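# Structure at a glance
Each chain is listed here by its residues.
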Amino acid sequence: MPSTPVRAAYDELVARGLKLDLTRGKPAPDQLDLAAPLLARDMSHDYRAADGTDTRNYGGDNGAGLPELRAIFGELLHIPVEQLLALGNASLQVMHDTIVHALLHGLPGVLAPWHGQEVAFLCPSPGYDRHFAVTESFGIRMIPVPFDADGRLPLDLIAEHLKDPAVKGMWCVPMFANPGGEVYDEETVRALVSLPAAADDFRLFWDNAYAVHVLTDEFPPVIDVLGLAAEAGNPDRVFVFASTSKMTLAGGGVAFFGSSPANVTWFRKHTSVQTIGPDKVNQLRHVRHFGDADGVRALMQRHRALIAPKFAATERILAERLRPSGAEPVAHWTTPAGGYFIALTGPAGTATRAVELAKAAGIAVTPAGAAFPYGEDPDDAVIRIAPTFPSLDDVEAAVDGLCTCLLFATEERAAVSASSPS
Ligand code: PLP
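So, here is what we can say about the structure in this document. (Residues numbered from 1 in each chain as written. Predicted model: local features only at pLDDT ≥ 70, side-chain atom pairs only at ≥ 80, totals over all residues. Heavy atoms only, no water.)

Neither face of strand E10 (residues 342-345) is exposed, since Ile342 and Leu344 on one face and Ala343 and Thr345 on the opposite face are all buried. Examined bridge by bridge, strand E9 (residues 332-333) and E10 share 2 bridges and lie antiparallel to one another. Within E10, the position partnered with tryptophan 333 by the bridge is leucine 344. As judged from the 4 bridges shared by E10 and strand E12 (residues 382-385), these two strands associate in the antiparallel manner. Bridge pairing in E12 links isoleucine 342 to isoleucine 385. (Buried < 20%, exposed > 50% of the residue type's maximum accessible area, 1.4 Å probe, protein only. Helix = DSSP H or I, 4+ residues; strand = E, 2+ residues; numbered from the N terminus. Pairing = 2+ DSSP bridges.)

So, in structure tokens, the structure goes:
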């Protein structure tokens with residue numbers, strides 16, 4: 001291919017020998033510093049929960065987690081305390097184990113184990129790669145469900161899929177989704193909890209990982225999905241998951257499980273075989289650290305102050321480089337009001353090449369296709385940008401470099417199309 005200004009810009013980028021990483025949605029070190037008081041807290045004499053439970057020992061909470069922590073998150077997640085459990089450190093593990101229990105034991109009301117049956121999950125896409133890794137690891141068939149151009153779920157298509165009795169689950173990230181930042185509106189939530197499903201044991205895996213992870217000063221209301229499901233006559237349809245991973249310590253926080261009374265009893269029956277109870281000392285440290293639900297919101301505003309400039313810089317550079325004034329835009333991207341990601345959509349057939357070019361230039365980006373079931377983006381167009389972890393300067397350099405790679409991949413593709421016989 002002859003040299004062009006875009007090619008020259010790419011060669012210059014490679015010559016800079018960068019070493020930057022836009023791959024994972026991790027909190028940056030200055031965000032983790034916000035949890036310094038949590039780590040510094042001396043619990044050696046402050047180990048009694050509100051009801052007098054000695055958190056250093058087994059028991060006291062009956063495996064449900066500290067009531068005062070459940071009360072804080074019950075308010076934030078809009079879940080009655082008695083229907084919310086505070087568990088170990090990782091919500092992904094809770095999701096994984098919930099599926100294992102369904103596979104081995106079946107769900108309340110049905111009790112035919114999923115194992116041995118054909119099981120399929122609806123997967124709004126692009127979505128969270130680790131969700132898809134869980135279902136893929138069990139051989140559960142994944143059915144991609146594309147968001148529309150306005151970030152809404154195609155409810156007619158979902159209704160059609162639900163006529164198939166093999167469809168027993170659906171992955172949902174209802175607020176500030178990974179990676180597109182979509183927020184489900186009330187109409188969507190009402191439809192999801194009330195649509196007829198051929199499988200009696202169909203469940204929404206409602207991963208509200210980013211409920212309070214805002215990028216503005218507004219906390220959108222958290223929809224009462226369990227209440228709406230009960231109202232729709234499907235009280236057991238929803239499993240809610242969440243965690244403090246991106247509030248305090250990633251991987252060192254507390255995970256939550258919320259659901260109907262019947263599902264909570266079912267879940268506790270199976271987890272009581274797995275564990276005597278969660279780490280209550282860590283839960284109490286979190287209670288002391290947060291204070292109350294407003295304390296969590298105040299903390300999330302401090303996170304926002306650290307990460308919102310990185311999102312703003314990413315969006316500014318994408319606009320400057322990929323939507324120059326007077327020219328056709330090369331790509332489009334989401335502008336989330338919360339969460340940890342931006343989904344960048346380039347011309348069809350460019351994402352894999354752009355990510356490859358970025359890698360060669362020292363910029364690590366999540367593999368193209370990762371946000372789709374089986375790693376297959378049908379258009380090979382979506383690139384997930386995770387701007388939180390690098391410093392602001394590094395985010396700027398990495399996003400600028402990524403734009404150069406996408407422009408180069410687009411130019412290469414246009415050249416191939418122009419030279420191939422029609
Ligand atoms: N759910 C979503 C949508 C996520 O994006 C992530 C992390 O990126 C997780 C869950 C992981 O949560 P945890 O650390 O509680 O396992």
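With that out of the way, let us pick up the sheet that holds E12. Backbone hydrogen bonds are what pair the strands of a sheet, in a parallel or an antiparallel way. Spatially, E9-E10-E12 is the arrangement adopted by the 3 strands of the open sheet, whose pairing is antiparallel. Where the open sheet ends on each side, the last strands, each with one partner, are E9 and E12. Strand contacts of helix H12 (residues 293-322): E9, E10 and E12, with the helix running at about 10 degrees to E10, the strand carrying the most contacts. (Contact = heavy atoms within 4.5 Å. Axes fitted to C-alpha atoms, helices over the stretch in contact; angles between N-to-C directions.)

With respect to the element layout, glycine 362 can be found in the loop between helix H13 (351-360) and strand E11 (363-364). Residues glycine 362 and proline 80, spaced 282 residues apart in sequence, show a C-alpha to C-alpha distance of 48 Å. In this view, glycine 362 contacts Leu18, Lys19 and Leu20; residues no more than four positions away in its chain are not counted.

With that settled, the discussion passes to the packing of aromatic side chains. Evaluation of the coordinates by the stated rule reveals 17 aromatic pairs. Seen from their ring centres, phenylalanine 73 and phenylalanine 290 are 5.7 Å apart, and the 65 degrees between their planes marks the pair as edge-to-face. Here phenylalanine 73 is found in helix H4 (residues 67-77), whereas its partner phenylalanine 290 is found in helix H11 (residues 280-290), with 217 residues between them in sequence. Accessibility expressed as a relative area gives 2% for phenylalanine 73, which makes it buried. A relative accessible area of 4% places phenylalanine 290 in the buried class. Summarising the aromatic geometry, the rings of phenylalanine 257 and phenylalanine 267 are spaced 4.0 Å apart at their centres and angled 10 degrees between planes, so their arrangement reads as stacked. (Phe/Tyr/Trp six-rings, centres within 6.5 Å; stacked < 30°, edge-to-face > 60°.)

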